[in-house]
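Now for the letters of each chain:
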Amino acid sequence: MKKFLLMAFSILLVFSLCSTGKVQAADDVTRNYHERGLRYLIMKGALTPDANGNYNPNATVTRGQFAAFISKVIGLPKAEENIDFKDVPTNSPYYQDIQNAAATGIITGYEDGTFKPNDPITRQHMAVMIERAMKHLKIPTSTAKDLQFKDKHQIYKEYYSAVATGTEKGIIQGSTMPDGVYFYPLKNTLVSQAATFIIRMMEVAGNQEAINFGPYELKDIQGGQLVSTKITSFDYDTVLKSVSKDTHVITKNNNIVYMKPGSGFVVAKSYTVLDSETVKDKISVASETEMQYLQSEGNRVKVNLAGQVGYVDANTVSLIPFSLSKGRHYYLNVGGEMKHVLVDHKTGNDKASYIYGKAPSQMKPGVKYYSWDGINFYNGGEKFTYYNYYQFLPVHSKTQYSTEEIDKYIQYALAEREKAGGRYVDASKKSKLIGLGKQLKAIEEDYGINAMMILALAMHESDMGMSDYAQQYNNLFGLYVYDTDPLKVKFDSPEASIRELMEKFWWKNYIPANAPFAHGPVFGTKRIGFNVKYASDPYWGAKAAGHYYRADKYLGFKDANNAYTIGLTNIEGLNVRSVATTNNNTPIYRYSRTNIPVIITSTNLAANGWYEIIPDSRDHKVAYVSSQYVIILDTVK
């Protein structure tokens, strides 16, 4: 759980930037240990100044005041029916907020019909109100009953669960003393402490306004270091107005949240989601994914992910200026092959690599190249485009290899992997891939899917048939193993999992034109193909393609030497027809998206404006598209 504890300023600030963008004299909230929470309550209108302009952060919170904090911060709806608390008159400044909180069950009165709004609220009573507010916000409450506080014996039995809930969520953290951590359940709560509890609760609820609530600071990059300009505010836009140099960045809790466009890149700190404007969909993004930085808006960052422009939550990514970068993922031509090297962004050290195809002729050996999308590469002013044949070959192709050749490669690949030891000991005897050649060729005929592409994906997803899911559940593809809720579905055999992939995934959601996840029937990238929706790993398509490439290389490049012609659609709404004419011919289907790879089986009608293709349909064997809307790719194989 994140802890939002503000460090005391080391230099006394006489003036502080406020949320209006004007400069105001410091008030009694400035430099308070809980200033962030206090400013949040002020911004929400929950904490207002007295006649002297003071917020009185060290005053004791009353029950009525704390109810008002919760009501205003959450934005509780106005109560339809009021509860007649004897001691809450209608002219009370907290009357409506108390009614709103009572209507939602966040507060309750006493048996004598009172609420006692002017009584101080103890820390354990506060915990109860917070737990009820969390239930109203539909935040799962804790089942944990054990607490480590030294004074937990002072917590009333009926309040223990509420304190445990707040503690587990990081809302309640206690005070550290030499002999341990104390909660002080019977003590009254200060306004400042209550403010921090409230903002933490809203952060746990996923409220972006709370999560992204400053303080923001303008810093300057000097000599590879971030240097403070002493310009700070709890309002992002206020600090943004002070950005005047290309070396200026804005930080929050020492993390960069803004830099000038073109001055750096973005790295996912954890699993995140791209809200793509390009395909109008939400795209899963794995940790350590690099993205091109376009712009920052404080609480979200605009990025380019492999050709998809959209937004990610600023709290889930790191903004890294090029001038502060220790290293980026890069590509090398090693012995005529394309090698992708993944870098640890914190140290700059290489941490993993894989070969996934032949290198293009434009790629100089030993030179580092970079790419945002795995298609367009650059090094300084040098640029080239690269389409890896195995990565952009549609799956409804056929391999040249026989059952015996496929089994031969499986045994070779397993024997090679055995050399790594560890879980791969006896892989050539235990792997769930052993002897799959016959089944793969049968499935190729039954479903019109390239047997080698199925094998390549199985090798990648099942860790050569040695993963726990493969070994225990015959699951070669991580089917139903989601990032957020993995299911342990067991199949009768490895072949059964392949047929499940065909029926419930590929031919249902990924291959047919305009299916829910149809971005082209290829391994692809995070912009084109299965990789858009199948896996959060942005290099999943390249890694799967690498298995196919290595198999083809070992077996003599029969598939590369008998390569298909691959085209890429360049328009939305492209009609696919059963005959090469528009006269009295209803389209088989229409591609609602662009950049869809297709297999061109004949260009004989190109002079008349048509290409013959293999359709993304099990009901048709051949189809035709207008040639002006399909670009023939110069694939590297």
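Residues numbered from 1 in each chain as written. Predicted model: local features only at pLDDT ≥ 70, side-chain atom pairs only at ≥ 80, totals over all residues. Heavy atoms only, no water.

## A short note on the packing of helix H2 (residues 63-74) against helix H6 (residues 191-204)
Running from amino to carboxyl end, H2 crosses H6 at an angle of 30°, the nearest separation of the two axes being 11 Å. Looking at the two axes, H2 sits roughly parallel to H6. Considering only the axes of H2 and H6, their crossing is right-handed. Where H2 approaches H6, its residues Gln 65, Phe 66, Phe 69, Ile 70, Val 73 and Ile 74 are matched on the opposing element by Val 191, Ala 194, Ile 198, Met 201 and Met 202. Here the residues of the contact of H2 with H6 sort into 10 nonpolar, one polar and no charged. (Axes fitted to C-alpha atoms, helices over the stretch in contact; angles between N-to-C directions. Helix = DSSP H or I, 4+ residues; strand = E, 2+ residues; numbered from the N terminus. Parallel < 35°, antiparallel > 145°, perpendicular 65-115°, else oblique. Left-handed = near helix turned anticlockwise from the far one by under 90°. Contact = heavy atoms within 4.5 Å. Nonpolar A, V, L, I, M, F, W, Y, C, P; charged D, E, K, R; others polar.)

## Overview of the packing of aromatic side chains
The tally for this structure, following the rule as stated, stands at 32 aromatic pairs. The interplanar angle of 70° and the centroid separation of 5.6 Å between the aromatic rings of Tyr 40 and Phe 213 together place this pair among those described as edge-to-face. Taken together, the positions of Tyr 40 in helix H1 (residues 35-43) and Phe 213 in the loop between helix H7 (208-211) and strand S5 (216-222) put the pair 173 residues apart, joining distant regions of the chain. Judged on exposure class, the residue Tyr 40 and its partner Phe 213 are both buried. Between the aromatic rings of Tyr 182 and Tyr 184, the centroid separation amounts to 5.6 Å while the plane-to-plane angle is 15°, which identifies the pairing as stacked. Assessed through its relative accessible area of 18%, Tyr 182 is described here as buried. The class of Tyr 184 is partly exposed, set by a relative accessible area of 22%. Here the aromatic cluster, defined as three or more aromatic residues joined through ring pairs, consists of Tyr 331, Tyr 354, Tyr 356, Tyr 369, Phe 377, Phe 384 and Tyr 386. Lys 187 extends its terminal NZ or CZ atom over the ring of Tyr 184, reaching a point 4.3 Å from the ring centre. (Phe/Tyr/Trp six-rings, centres within 6.5 Å; stacked < 30°, edge-to-face > 60°. Buried < 20%, exposed > 50% of the residue type's maximum accessible area, 1.4 Å probe, protein only. Lys NZ or Arg CZ within 6 Å of the ring centre and 35° of its normal.)

## Focus on unusual backbone geometry
With an omega dihedral of 0°, the bond running from Gly 214 to Pro 215 counts as a cis peptide bond. Within the fold, Pro 215 resides in the loop between H7 and S5. The backbone phi angle of Lys 138 is positive, close to 65°, even though this residue is not glycine. Relative to the helices and strands, Lys 138 resides in the loop between helix H4 (123-136) and helix H5 (160-168). Relative accessible area serves as the criterion here: at 73%, Lys 138 is assigned to the exposed category. Positive phi, close to 55°, is recorded for Ala 306, a residue that is not glycine.

## A word on the sheet that holds strand S16 (residues 330-334)
Within the open sheet, the three strands sit side by side as S16-S17-S18. Their pairing is antiparallel. Among the strands making up the open sheet, the edge pair consists of S16 and strand S18 (350-358). Along the sheet, successive strands turn relative to each other by an average axial angle of 30°, direction set aside. Strand direction decides the pairing type here: S16 and strand S17 (residues 337-343), joined by five bridges, are antiparallel. Counted as the bridge partner of Val 334 is Glu 337 from S17. Helix-sheet contacts for helix H16 (residues 540-554) involve S17 and S18, and the interaxial angle to S18 is about 55°. (Pairing = 2+ DSSP bridges.)

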